[in-house]
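Report on the structure
Here's the letter readout for the chains.
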Amino acid sequence: MIHVYYGDGKGKTTAAVGLAVRAAGSEMRVLFVQFLKTEFSGEREILKNIENVTLTTCPLDLKFTFEMNEQEKQQTAVMFRKLFNGSASTALSSRYDMVVFDEIFDVINEDMLAESEVFEFIANAPNSLEIVMTGHDPSKRFIDAADYATEFKKISHPFDKGLIARKGIEF
């Protein structure tokens, strides 16, 4: 089934991590893929130590997309297309029960990955594979394709008051 966690509220990655932990605890094999995150995002430390979870690597340093110039965006897009294609192949060829594509909608919205590539993966995925995708502003096509679609709506957030991200809470 397809799970879509989206919106401008906090908790999308947290929900995906929770689902991955639940699945791993039930003997399911999980491939966890993160875009637009670095190796220093707090959930990575615990996920890499959970049996049945395979965590793909992230860069050590990565700017926010709004801080990138055009050349940096193009280089990042190449990296993310490789990450997606490799992860999609792994998910299809290995015996995974779940694949999580964290922040994939943001990568698509930044034109770093084609929506059509993701739908091609979905079309070729075995019916037994749970596909979890997170991020902001997925197209209606993703929401329509989802078996589970959950919108996270921001009511208030410390960023609105100028506070920076806190380790262990936002990353």
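Each chain has its residues counted from 1, running along the sequence as written. Restriction of local features to residues with pLDDT of at least 70 applies here, the model being predicted, together with a cutoff of 80 or more for giving and counting side-chain atom pairs; totals for whole chains, interfaces and linings are based on all residues. To get the side-chain values, take all heavy atoms of the structure and skip hydrogens and water.

1. A word on the pattern of salt bridges
Each reported salt bridge corresponds to a side-chain nitrogen of Lys or Arg within 4 Å of a carboxyl oxygen of Asp or Glu. Following the criterion strictly, the structure yields 10 salt bridges and no others. Between K48 and E45 there is a salt bridge, and its shortest N-O distance comes to 3.1 Å. Judged by its relative accessible area of 47%, K48 falls in the partly exposed class. The classification of residues rests on relative accessible area computed with a 1.4 Å probe and restricted to protein chains. Under 20% of the type maximum is buried, over 50% is exposed, and intermediate values are partly exposed. Judged by its relative accessible area of 48%, E45 falls in the partly exposed class. Measuring nitrogen to oxygen at the nearest pair gives 3.6 Å for the salt bridge that ties E170 to R166.

2. A word on the pairing of strand β5 (residues 130–135)
Counting buried residues in β5 gives five out of six residues, a clear majority hidden from the surface. A strand pair is defined by DSSP finding two or more bridges across the two strands. Think of it this way: any DSSP run of H or I at least four residues long counts as a helix, any run of E at least two long counts as a strand, and we number them from the N terminus. One ladder, built from five bridges, connects strand β1 (residues 2–7) with β5; its direction is parallel. Looking at β5, one finds that I2 is bridged to I131. Where strand β4 (residues 98–102) and β5 come together, four bridges link them in parallel fashion. Paired with F101 across the two strands is M133, which belongs to β5.

3. Regarding the side chain of R44
Take R44: it is sitting in helix α2 (residues 42–47). At a separation of 2.6 Å, a polar atom in the side chain of R44 contacts the main-chain carbonyl oxygen of T56. Whether two residues are in contact is decided by their heavy atoms, any of which lying within 4.5 Å being enough. When neighbours within four sequence positions are excluded, R44 is seen to be in contact with Q34, T38, E39, L55, T56, T57 and C58. Polar contacts, as used here, are pairs of N or O atoms within 3.5 Å; protein pairs need one atom able to donate a hydrogen and one able to accept it. Residues neighboring in sequence count only if both atoms are side-chain atoms.

4. Concerning the environment of T14
As for its position among the elements, T14 is in helix α1 (residues 12–25). Residue T14 is classed as exposed on the basis of its relative accessible area of 52%. Through-space distance from the C-alpha of T14 to that of E170 is 9.5 Å; in sequence the pair is 156 residues apart.

5. Considerations on the packing of aromatic side chains
To pair, rings of Phe, Tyr and Trp, with the six-membered ring standing in for Trp, must have centres within 6.5 Å; the planes then decide the type, stacked if under 30 degrees apart, edge-to-face if over 60, and tilted in the middle. Tallied over the entire structure, the rule returns eight aromatic pairs. Summarising the aromatic geometry, the rings of F84 and F101 are spaced 5.2 Å apart at their centres and angled 45° between planes, so their arrangement reads as tilted. On the criterion of sequence distance, the pair formed by F84 in helix α3 (residues 70–93) and F101 in strand β4 is long-range, its members being 17 residues apart. The two residues F84 and F101 agree in class, both being buried. Within the aromatic cluster, the residues linked to one another by ring pairs are F35, F80, F84, F101 and F121. Note on geometry: a ring has a charge over it if NZ (lysine) or CZ (arginine) is within 6 Å of the ring centre and within 35 degrees of the ring normal. The ring centre of Y96 lies 4.6 Å from the NZ or CZ of R29, which sits over that ring. Above the plane of the ring of F119 lies R141, whose end atom (NZ or CZ) is 3.8 Å from the centre.

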